[in-house]
Amino acid sequence: MKFLLTIVALFLLNNIFAYEFLGEVILDNRYFFNEGTSYQDKIHSSFSYSPEIFHEEEDYIFHLKPKIRKDSQDPKRNLLDLQEFYLLHIGEEREIKFGISKEFWGVTETTHRVDIINQTDFTEGFDGEEKLGQPMVKVSLEEEWGVLDIYALFSFRERQFSGQEGRLRLPLIIDKNESIYESSAKNKRTDFAARWSNYYDQLDIAISYFSGTTREPRLFPTGSIDKPLIPYYETIDQFGLELLYLIGSLAIKVEAISRAGQGDRFSAATYGFEYTQVGIFDSRIDLGWIFEGNHDDRLKSSPTVLGTRLSFNDELDSQILSGFIWNDVSKELGFLLESSRRVGECCLIALEGVYFEDTDEDNNEPKLFEAFREDDFFKIEFTYYL
Amino acid sequence: MSLANVLFHRKSIIACIFGMLFIFSGEVLANKGLEIALKSDENFDGYGDSSSEMTMELISKKGDVVTRKLRFKRLEVPGDGDKSLAVFESPRDVRGVGILSYSHKVEPDDQWLYLPALKRVKRIASKNRSGPFLGSEFSFEDFSFQEVEKYEYEYLREEELDGILCHVIERKPLDPYSGYTKQIVWIDSENFLTRKIHHYDKKSFHLKTQIFSDYKIYNEAYWQPHKVTMINNQNGKSSVLSFREVKYKNGFDDRDFSQNSLKRSR
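Since we're looking at a predicted model, the values are computed, not measured. Numbering of residues begins from 1 in every chain and follows the order in which that chain's sequence is written. Starting at A for chains and at 1 for ligands, labels are handed out in the order in which the entities are written. Thresholds applied to this predicted model are a pLDDT of at least 70 for local features of residues and 80 or more for the giving and counting of side-chain atom pairs; totals over whole chains, interfaces and linings are not thresholded and use all residues. Remark: hydrogens and water are excluded; side-chain values derive from all non-hydrogen atoms of the structure.

Q: What is the right way to look at unusual backbone geometry in this model?
A: Glycine aside, negative phi is the norm for most residues, and most peptide bonds take the trans geometry. Of note, the amide linkage connecting B:Ser90 to B:Pro91 takes the cis form, showing an omega dihedral of 5 degrees. We count a stretch as a helix when DSSP gives it H or I for four or more residues in a row; a strand needs E for two or more, and each element gets its number in order from the N terminus. Tracing the backbone through its elements, the reader meets B:Pro91 in the loop between strand S3 (83-90) and strand S4 (98-102). Unusually for a residue other than glycine, A:Leu168 sits at a positive phi of about 50 degrees. With respect to the helices and strands, A:Leu168 occurs in the loop between strand S7 (146-153) and strand S8 (180-181). Exposed residues in this analysis have more than 50% of their type's maximum accessible area, buried residues have under 20%, and partly exposed residues fall in between, with area computed by a 1.4 Å probe over protein chains only. Residue A:Leu168 is classed as buried on the basis of its relative accessible area, which comes to 14%. Look at B:Lys119: it is not a glycine, yet its phi comes out positive at around 55 degrees. The residue B:Lys119 is located in the loop between strand S5 (110-115) and strand S6 (120-124) in this model.

Q: Hey, could you run me through the environment of A:Val354 in this one?
A: All names here are of chain A. Locating valine 354 in the fold gives a position in strand S20 (residues 347-358). Residue valine 354 is classed as buried on the basis of its relative accessible area of 2%. Separated by 244 residues in sequence, valine 354 and threonine 110 have C-alpha atoms that sit 14 Å apart. Here, residues are in contact when the closest pair of their heavy atoms is within 4.5 Å. With near-sequence residues (within four places) excluded, valine 354 lies in contact with Phe126, Phe335, Leu336, Asp376 and Phe377.

Q: Would you mind going over the pattern of salt bridges with me for this structure?
A: Oppositely charged side chains may form a pair once their charged atoms are brought near each other. Note on definitions: salt bridges are taken to be side-chain nitrogens of Lys or Arg within 4 Å of carboxyl oxygens of Asp or Glu. What the rule picks out here adds up to 52 salt bridges over all chains. Among the salt bridges present, the one from A:Lys253 reaches A:Glu274, with a minimum N-O distance of 2.8 Å. You can see A:Lys253 sitting in strand S14 (residues 250-260) and its partner A:Glu274 sitting in strand S15 (residues 266-277), a full 21 residues away along the chain. Residues A:Arg298 and A:Asp296 are paired through a salt bridge, measuring 2.9 Å at the closest nitrogen-oxygen approach. On the basis of relative accessibility, which here comes to 40%, the residue A:Arg298 falls in the partly exposed class. Connected via shared salt-bridge partners are A:Glu109, A:Lys253, A:Glu274, A:Arg309, B:Arg120 and B:Lys122.

Q: How should the layout of surface pockets be read in this particular structure?
A: Leftover empty space is mapped by rolling, across the atoms, a probe with the size of a water molecule. Put simply, the grid is 1 Å and covers the protein atoms alone, a cavity is a trapped set of points that fit a 1.4 Å probe, a pocket is an open set with protein on both sides within 12 Å along at least five of seven lines, and lining residues have an atom within 4 Å of a point. Grid points are joined across faces, edges and corners, and a volume is the space filled by probe spheres set on the points. The space that makes up the second largest pocket amounts to roughly 1200 Å³. As for the second largest pocket, its lining consists of 42 residues, and the residues nearest its centre are A:Glu56, A:Glu58, B:Lys73, B:Phe252 and B:Asp256. Listed by contribution, the elements that provide at least two residues to the lining of the second largest pocket are strand S2 (43-56), strand S5 (94-101) and strand S6 (134-143) of chain A together with strand S1 (49-59), strand S2 (65-75), S3, strand S13 (238-248) and helix H5 (259-263) of chain B. Of all the elements, S3(B) adds the most residues to the lining of the second largest pocket, at four residues. Taken together, the residues that form the lining of the second largest pocket break down as eight nonpolar, 12 polar and 22 charged. The residue classification treats Ala, Val, Leu, Ile, Met, Phe, Trp, Tyr, Cys and Pro as nonpolar and Asp, Glu, Lys and Arg as charged. All others, Gly included, are polar.

Q: I keep staring at the interface of chain A and chain B and nothing clicks. Help me out?
A: Size of an interface: often given as the accessible area lost when the parts come together. Listed by partner, the interface residues are 55 residues for chain A and 40 residues for chain B. For the pair chain A and chain B, the two sides together bury roughly 3900 Å², of which 42% comes from carbon and sulfur. Broken down residue by residue, the surface that chain A buries against chain B is led by A:Glu142, A:Arg284 and A:Glu345, which jointly contribute 16%. The interface formed by chain A and chain B contains 11 salt bridges. Here B:Arg123 makes a salt bridge to A:Asp204, at a shortest N to O gap of 2.4 Å. Accessible surface is computed with a 1.4 Å probe, and the buried area is the amount of it that two parts give up when combined, taken over both parts together.

Q: So what exactly am I meant to see when it comes to the confidence of the model for chain B here?
A: Reading predicted coordinates in detail is not appropriate for stretches of low pLDDT. Residues and elements named next belong to chain B. Residues with a pLDDT of 70 or more make up 88% of chain B, whose mean pLDDT is 84. Confidence of the prediction at every residue is given by pLDDT, a number between 0 and 100. The model gives residues 1-27 a pLDDT under 50, and that stretch makes 23 contacts with residues more than four places away or in other chains. Scored as a whole, the predicted complex attains pTM 0.87, and scored at its interfaces, ipTM 0.90.

Have a look at this one:
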C-alpha cells in the first residue's frame, strides 16, 4: 500500500497544471406523503459534494473522486466515501487499474443481477444504482476474442442501510456494527472476479464469475429487546451471464446468475426488451418501451416492469422515464417516475416519484413492498456542476 | 482483411459492379452520379486517422445560442466502414459521455454509448440514426461517415454555387431506417468536395439545408471543412458545427477505438 501511495504521490507531483478539477454539488429534497411506520419525518433533505480530479497522460490516467453526503434526518445516511481513487496504466497488451473504483456489469434497466464488484448504497437511492468505491487491482486484456477483466478485490465494503430516522427501510433496524462474516478473515478477505465479454454482429455477450464475500447479506433477527437485524455476509461463488441482441430498434436483454453459498444454490434472472420509436407523431420526441420480467428461485413471486422512456431531444435534454411494477402473486402495484432536464449550462434538475398500492389486501401472499407502504414520495434533486 | 481486399481496391470492385448494372440498364446518367460520389469519397482514401475538437452551436429561431463541445476521432478501416469515437466535454451534465461507432458498408453500424456516472457501456440500436444528435438539427445519420454504398445515385446537372462550378447529384438512401427519402448534393468540379446538401424528409419536403465551408487541406491531401451549418427549413432553427485542432495521421489503431478505450474516454 505504501508503495502504491508513493507511486500516486510521484505521479501527482508531475505536471500539476495539466489536471482537470471538476466536481458536483447535489441538493436533494424528498417529500413523503405520510409519516413513516416508525413515525419518521415527512421531509428529508440531503446535501452531497463530490470534487473530482482527473489527469491523463500518454499511458496513465489518474482519477480521484471522493463523495461527502450529509442528511438532515438520518445520521446513517451521512457518508464519506472514495468513489474513485485509482491509477490506470494503459499498456499495449493490457490495462492495469490500481486503487479504488466502480465497475458496472450488466445489460438490463430495472434490476442489476450480475453487477457485483461494488457494494450498494441503499441509503442514497431506491433503485440500488448508487455504489461505494471498491479497492481493487484489475487487469484487463483486450484481444480478438474479446475483453477479459480479472479482479482482485480487497477490503470488503459493507452495505449501507438507513437508520432509525430514515425512510424506505425495513421496520426493524439493521445494526451494521454487529455484522457477521462466514470467512474467518471477516471483512479483510480478498475476493476474486473475472468477466469475459465480446460482441458478434448484433449480439453482445458476457460471462462472469465471482468468488468472495456476498454483497447481498441475509438479515437475521437477534431477538434482543429493540430487535435489530444483523447482516450475515456469507462467502459465495456466482456465475453470471449477460446477453443483448439487437433486431432493428428492438434490444432483447437477459441477465442471469447462479449463486452458491447462501443456503441452496439458486438462480435468478431478469429478462426483457427495450424498443425505441424514433420521432413519434412526426415530432423530435423518441419513445422507448421497456419491459422486464424477473425470476428468483428464493422468492415465490417476482415483479414485472413495464416502462416508457420519453426523450424530447431538445437543447435541455429533457427526459421522462415512467413505469409500473406489478407483482402478480401478491397483487401489488408500484408506480415510478423519473424526469430530468438541464438548467442553463451548469445545472440539472430532476424529479422523481414513487407510489405503491396494494390492490388486494386480503391476499395472503408475502408482500414485497409491505415495508414501504407509508413511503410514497416525490423528490426534487438539483445538481450544480463545478 | 480478406484476400479480395488485398488484391483489389474495394472501391474499384464496387464501381465495376455498379457500373455494369447501370450499363445494362442503360442508366448512363445514374452512373455519372455514382462516379462523382466515388471521386468525392476518394478524397478520404488513405487518410488513416484524424482527430479534432468540435463546437456545436444550437441557434433558436429567435437567435439564442447554446454551445456544446466534443472531441472526435476517426480511424479508416480498409475494406469496411470507419471507426469513430465522440466524447462530450460540455454541457457539464453529459461531460465524459462517449459514443463509439463502427460503421459498415451495408450491414447496420455497431454503436455503443458510455455513461460515466454509472460507468456503464450500453449497446445502442443504430437503426435510431434518424433521431436528433444532442438536441441539434443534425441527426446521428448526418454525423456518421456516409459510405458510398449506402445510397443510389442520379446525376442531375452542372450548376454554379457561390461562384464555384458544381456537379449536382441526387442520392437516395438504401437504408429503410434513414430519416430521408432523398438528398440533393452539390459537389464542386475541381476538388470534388461536398459544398451543400438538401435533405428531403419522408414526405419529400425539403426539410434541411446543410452547407460545408472553410475547407482547408491537411497533409497536402485531405480536405476538411471547418464549418458545417445545418438549417432546418421547418422550425427555423439551425446548428453550426466548427472544427478546431484538426490533425491527420495521429497513428491511432484499433485499440484507440475499442470497448476499453470507450470506458476511459471521459
